[in-house]
Amino acid sequence: MSGNTRRAGGAQSVRGVNYSTSPLLASKTPPWRSRFLVLLVGLGFTVLIARAAYVQVLHAAFFQKKGEERYASTLDLPANRGRILDRNGQLLAISVYAPTVSINPQQFKASDEEKRELVALLGLKAKELDAKLADDGAYAVLKRQVDGGVAQQIRALRIKGLTLEPGYLRRYPENEAAAQVVGFTDINDEGQEGIELAYQTQLQGHSGSRGVVKDRLGRIVEDLGEPVDPRDGSDVQLTIDSKLQAIAYQRIRDAVGQFHAKAGSVVVLDAQTGEILAMANYPSYTPEERHNLTGGQLRNRAVTDVFEPGSTVKPFVISKVIEDGYATPDTVLDTNRKEVQRFARDGIDLSKADGVHVLIGPDGAVVTAYRNHDLRKVKPGGHRNDIHHLTA
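1. Here's the deal with the pairing of strand β12 (residues 276-282)
(1) Moving on: Burial runs high along β12: five of the seven residues are buried.
(2) Moving on: Relative to β12, strand β11 (residues 264-269) runs antiparallel, the two sharing six bridges. If you follow V267 over to β12, its bridge partner there is M279.
(3) Moving on: The antiparallel hairpin formed by β11 and β12 contains six residues in its connecting segment, where G274 sits at a positive phi of about 80 degrees.

And the structure:
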């Protein structure tokens, strides 16, 4: 009986809990509240579906491109610039491997000893490296066109977050001897002076590209598609002879120093073909070291400057005489009777000016006459006062 009593008492205690005594539970929920909640949930699903359609259907290409930019990148494959050669195939300009050293400041990790070695190899100051590392960006260039040997030592340090990007540096074996003729390129490997500038399109070539996938540490883990191979530039061969060029430069340099001249130029031609075998100027410069240069050093004076013709006009005078039939290439002239005469024309006394140079023929007649650089001639057998302008 006692057991039955306990069971009955337990049942009574359960039935004794009356949930209706709680004001919150006893009050009835308004019908609009449940409908509002259902409406909010349905609206949320609608927004999500609309957004999914916007991203995956309407603008799928745009968002796919943005996603690929986070892991895919395109690497430039620089083309090798064409060489400049002399008439014998000797190098006047050539490109050598010289990479660019760059870092990712967010991933850069190196010990103090490695940092000291790095700045020493690059010729930088510790403060310069610290300033690059303080950059919030993901890319910073430490130095461009680093020598190939230095690049190998930097690669041996195996510093995390440091990259050696392919690049080239222009070298000029003839240095200052052919500087104004060959010219030079800038840090972007584009011609700025001389042949480098004149034949820029032919020399530059076309860079290639390579699509890759990188992980979060910037390491290449996969190639995307086929790479586009670079097309190297074409070589340019000059009529210059590098040996004659070096000799010509030494001679003009010594002559300028001997006579204390401001500058000098020399040009060597092949008399049979008209080809230029040497063209040298002084003062000159070293194309690979162009600090504090002046226009006088850069200018190719043999081409740009204006010179008085001097005795170079004499062949033109004789050519005109032969052309007009006053003499032939076989005519013998008594050059010992060359003399300076004074002429007058139209009452003007030329004696106060420079003398008129006269070439006398075998019969004593005046063959040619010219004054200074104003070419004039006198017909054979004519009166010595009969001076006419020489026209081409």
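Still to come is the rest of the account.
2. Observations concerning the packing of helix α5 (residues 112-122) against helix α6 (residues 126-133)
(1) Moving on: In the contact formed by α5 and α6, the axes pass within 9 Å of each other and the chain directions differ by 110 degrees. When the interaxial angle is binned, α5 and α6 end up roughly perpendicular. The handedness of the crossing between α5 and α6 comes out as right-handed. Across the interface between the two elements, K115, L118 and V119 of α5 pack against A126, L129 and L133 of α6.

3. A short note on the pattern of salt bridges
(1) Moving on: Scanning the model with the defined rule gives ten salt bridges in all.
(2) Moving on: When the shortest N-O distance is used, the salt bridge between E275 and R87 registers 3.0 Å. One end of the pair, E275, is in the loop between β11 and β12; the other, R87, is in the loop between β2 (84-85) and β3 (91-97), with 188 residues separating them in the sequence.
(3) Moving on: A residue is classified by how much of its surface remains accessible, and E275, at 29% relative accessible area, is partly exposed.

4. So, the nonpolar core
(1) Moving on: Among the nonpolar cores identified, the biggest contains 17 residues, and V101, L118, L122, L142, I154 and L162 are the most heavily contacted of them.
(2) Moving on: Only β4 (100-103), α5, β5 (140-143), α7 (148-157) and β6 (162-165) provide two or more residues apiece to this core.
(3) Moving on: In contact with I154, other than residues within four places in its own chain, are V101, L118, L121, L122, L162 and L164.
(4) Moving on: I84, A93, F184 and Y285 belong to the second largest nonpolar core, which has 16 residues in total.

About the thresholds
Residues numbered from 1 in each chain as written. Predicted model: local features only at pLDDT ≥ 70, side-chain atom pairs only at ≥ 80, totals over all residues. Heavy atoms only, no water. Buried < 20%, exposed > 50% of the residue type's maximum accessible area, 1.4 Å probe, protein only. Helix = DSSP H or I, 4+ residues; strand = E, 2+ residues; numbered from the N terminus. Pairing = 2+ DSSP bridges. Axes fitted to C-alpha atoms, helices over the stretch in contact; angles between N-to-C directions. Parallel < 35°, antiparallel > 145°, perpendicular 65-115°, else oblique. Left-handed = near helix turned anticlockwise from the far one by under 90°. Contact = heavy atoms within 4.5 Å. Salt bridge = Lys/Arg side-chain N within 4 Å of Asp/Glu carboxyl O. Core = buried A, V, L, I, M, F, W, Y, C linked by side-chain atoms within 4.5 Å.

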